[in-house]
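Observations on chain architecture
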Amino acid sequence: IEDYEMGFFRRVQQALADPNLAFLFLSLGTLGIIYELATPGIGAGGVVGVTLILLALFSLSVLPVNAVGILFLLLAGALFVAELFAPGIGVAAAGGTGALVLSGVFLFRDAPGLEVSMAVVTPVAAVVGGAVVVAGRLVVRSRRTPSTTTGPGLVVGQVVTVRRAGPDRGQAFVAGAWWNVRSDE
């Protein structure tokens, strides 16, 4: 049984050492993290993104990586994040998509059979770039939507339970919690 288990794990490791999978994992992992940034909280995007990044790092550890390809990948990630924090007409996303394509081209040193296929790079870069533009639009929409849980005037006119009332301050039970309050009158 130990030989079978070792053989299985060895096959999984060899499958992960594919340059196309490494590029795919890096790209989709970055996208998952970007979606986590666009919609804060601990969600599936962050978990999947970190998992894919870790698988990609394993792949990169056994492949001959070119530093320029990694730098292009970092540039792509930075431009994608910039698109989230300053969404506009998608210039940062377009630059990130171009940097992602260049990352795929330069990611691995010249070695026979260890290049990323353009049939993988092009659609992945297009999907990731498009998804970042969509995430940027979601961020813009969420910033423009008025909050229903915070802000001035949220509890104005509501009936509350008053625990203590004084000449200048009191305590009232509002929205499930005790608050120090003061009267306008």
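Our structure's up above, just so we're on the same page.
Conventions used here
Residues numbered from 1 in each chain as written. Predicted model: local features only at pLDDT ≥ 70, side-chain atom pairs only at ≥ 80, totals over all residues. Heavy atoms only, no water. Pairing = 2+ DSSP bridges. Helix = DSSP H or I, 4+ residues; strand = E, 2+ residues; numbered from the N terminus. Core = buried A, V, L, I, M, F, W, Y, C linked by side-chain atoms within 4.5 Å. Buried < 20%, exposed > 50% of the residue type's maximum accessible area, 1.4 Å probe, protein only. Contact = heavy atoms within 4.5 Å. Axes fitted to C-alpha atoms, helices over the stretch in contact; angles between N-to-C directions. Parallel < 35°, antiparallel > 145°, perpendicular 65-115°, else oblique. Left-handed = near helix turned anticlockwise from the far one by under 90°. Nonpolar A, V, L, I, M, F, W, Y, C, P; charged D, E, K, R; others polar. Expected span 1.5 Å × (residues − 1). Polar contact = N/O pair within 3.5 Å; in protein donor to acceptor, adjacent residues only side chain to side chain. Arc of directions from axis to C-beta.

Moving on, we get to the pairing of strand β1 (residues 161–165). By the bridge criterion, four bridges tie β1 to strand β2 (residues 170–174) in an arrangement that is antiparallel. By the bridge assignment for β2, Ala165 is matched with Gly170. From the end of β1 to the start of β2, which pair antiparallel, there are four residues.

Membership of the largest hydrophobic core comes to 30 residues, with the highest contact counts inside it found for Phe23, Phe80, Leu100, Phe108, Val128 and Val132. Put simply, the parts of the chain that give this core at least two residues each are α2 (19–38), α3 (44–61), α4 (67–85), α5 (91–106) and α6 (118–144). Broken down by element, the residue count for this core peaks at eight residues, all from α6. Each residue touching Phe23, except ones within four places of it in the same chain, is listed here: Leu100, Ser103, Gly104, Leu107, Val116, Val120, Val121 and Val124.

Between α5 and α6, the least distance of the axes is 9 Å, while the angle of their chain directions is 155 degrees. It follows that α5 is roughly antiparallel to α6 by the angle criterion. Viewed along their axes, α5 and α6 form a crossing whose handedness is right-handed. Here α5 contributes Ala93, Thr97, Leu100, Val101, Gly104 and Val105 to the contact with α6, which in turn contributes Met118, Val121, Ala125, Ala126, Val128, Gly129, Val132 and Val133. Within the contact of α5 with α6, the residues separate by chemical class into eleven nonpolar, three polar and no charged.

Attention now moves to the packing of α2 against α4. The N-to-C vectors of α2 and α4 enclose an angle of 25 degrees; their axes lie 10 Å apart at closest approach. Our classification of the angle between α2 and α4 gives roughly parallel. Between α2 and α4 lies a crossing whose hand is right-handed. Where α2 abuts α4, its residues Leu26, Thr30, Ile34, Leu37 and Ala38 lie against Leu73, Gly77, Phe80, Val81 and Leu84. Across the contact of α2 with α4, the residue classes tally to eight nonpolar, two polar and no charged.

Next up on the list: α6. Between its first and last C-alpha atoms α6 spans 39 Å; for 27 residues at 1.5 Å apiece the expected length is 39 Å, and the two agree. Turning to α6, its buried residues are Val121, Val124, Ala125, Val128, Gly129, Ala131, Val132, Ala135, Gly136, Val139 and Val140. If you follow the buried residues of α6, they end up packed against α2, α4 and α5. A side-chain oxygen of the first residue of α6 lies 3.1 Å from the backbone nitrogen of Ala119; this N-cap is Ser117.

Residues that lie three or four places apart on an α-helix share one face, since the helix turns once every 3.6 residues. Over its 16 residues, α5 extends 22 Å from the first C-alpha to the last, a length consistent with the 22 Å expected when each residue adds 1.5 Å. When we look at burial in α5, the residues that qualify are Ala92, Ala93, Gly96, Thr97, Ala99, Leu100, Ser103 and Gly104. Taken down its axis, α5 places every buried residue within 165 degrees of arc, on the same side. In the core, the buried residues of α5 are packed alongside α2, α4 and α6.

Inspection of the secondary structure puts Gly49 in helix α3. With 20 residues separating them along the chain, Gly49 and Gly29 place their C-alpha atoms 3.8 Å apart. Apart from residues no more than four positions distant in its own chain, Gly49 is found in contact with Gly29, Gly32 and Ile33.

Treat this as a map of the structure, not an account of what it does.
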